[in-house]
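# Chains, contacts and geometry: an overview
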Amino acid sequence: MAELTMKALTMERLKIRKENPIRANVLLMLVDAVKSVTIDERRSETPADFGKAARKMQAEIQNTILEYKKGNADTSELETELKEIEPFLPKMMSESEMEKIVKNIIDELPESDRVLKKIMPKLKNIEGFDMKAAKDLINKVLS
């Protein structure tokens, strides 16, 4: 994979747009999503930005595939897009890794702060942490 910068991905997109238009389109969407975030926050891109953008794109495409399948529409192009996004997705942690992090965070907090709304924000920016599983994990560790 090319270097993970907006410039490098844009250059790759321009080189491959004729022979691999689906990958070129995915790269365009990825760069646009990262550019939007970095412009709003007035900062340079980070590898984590690409991971977050890719995860969001993955969810959107998966939802679109489900809708297309309800109408018996062709999803082959969308499935190809999903495959192109995979290398950009951050490696997700295992449940045991996430549980260990939750335990460490809870242990560091004073007894009075060991509640969901104080713990969740601390997990939000940990790369590879599945926030959908966070609430259940926190409740499991707290009980």
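The rules behind these values
Residues numbered from 1 in each chain as written. Predicted model: local features only at pLDDT ≥ 70, side-chain atom pairs only at ≥ 80, totals over all residues. Heavy atoms only, no water. Axes fitted to C-alpha atoms, helices over the stretch in contact; angles between N-to-C directions. Helix = DSSP H or I, 4+ residues; strand = E, 2+ residues; numbered from the N terminus. Parallel < 35°, antiparallel > 145°, perpendicular 65-115°, else oblique. Left-handed = near helix turned anticlockwise from the far one by under 90°. Contact = heavy atoms within 4.5 Å. Nonpolar A, V, L, I, M, F, W, Y, C, P; charged D, E, K, R; others polar. Buried < 20%, exposed > 50% of the residue type's maximum accessible area, 1.4 Å probe, protein only. Polar contact = N/O pair within 3.5 Å; in protein donor to acceptor, adjacent residues only side chain to side chain. Core = buried A, V, L, I, M, F, W, Y, C linked by side-chain atoms within 4.5 Å. pLDDT = per-residue confidence, 0-100. 1 Å grid on protein atoms, 1.4 Å probe; cavity = no way out; pocket = protein on both sides within 12 Å on 5 of 7 lines; lining within 4 Å. Points joined across faces, edges and corners; volume = space filled by probe spheres on them.

Let's shift gears to the packing of helix α5 (residues 95–108) against helix α6 (residues 116–124). Direction vectors running N to C along α5 and α6 enclose 125°, while the axes themselves pass 10 Å from each other. On the basis of their axis angle, the class for α5 and α6 is oblique. The two elements α5 and α6 meet at a crossing, and its hand is right-handed. For the pair formed by α5 and α6, the contact residues are I101, V102, I105 and I106 on the first element and I119, K122 and L123 on the second. A per-class count over the contact of α5 with α6 returns six nonpolar, no polar and one charged.

Let us look at the environment of T75. Mapping T75 onto the fold places it in the loop between α3 (47–70) and α4 (76–85). Look at T75 and you get buried, because its relative accessible area is 7%. A sequence separation of eleven residues divides T75 from T64, and the C-alpha atoms of the two residues are 8.7 Å apart. Those residues in contact with T75, other than ones at most four positions away along the chain, are I65, Y68 and K69. Here the side chain of T75 touches E79 through a polar contact of 2.8 Å, side chain to side chain.

Attention now moves to the nonpolar core. Counting 19 residues, the largest nonpolar core has L9, L30, F50, I61, I85 and F88 as the members making the most contacts within it. Those elements that place two or more of their residues in this core are α1 (6–16), α2 (21–41), α3 and α4. Formed by eleven residues, the second largest nonpolar core is a distinct cluster that contains M98, I119, L123 and L137.

Attention now goes to the confidence of the model for the protein chain. It should be kept in mind that the predicted coordinates are not to be read in detail where pLDDT is low. This prediction gives the protein chain a mean pLDDT of 91; 99% of its residues lie at or above 70. Confidence, read as mean pLDDT per element, is least for helix α7 (residues 131–142) in the protein chain (87) and greatest for α4 (96).

For K91, the location among the structural elements is in the loop between α4 and α5. K91 sits in the exposed class, given a relative accessible area of 68%. In this structure, the C-alpha to C-alpha distance between K91 and A54, residues 37 residues apart in sequence, is 12 Å.

Computed from the structure, the largest pocket encloses a volume of approximately 450 Å³. K52, R55, M92, F129 and M131 are, among the 19 residues lining the largest pocket, the residues nearest its centre. Listed by contribution, the elements that provide at least two residues to the lining of the largest pocket are α3 and α7. Sort the elements by how many residues they give to the lining of the largest pocket and α3 lands first, with seven residues. Looking at the second largest pocket, its volume works out to about 260 Å³. The element best represented in the lining of the second largest pocket is α3, accounting for six residues.

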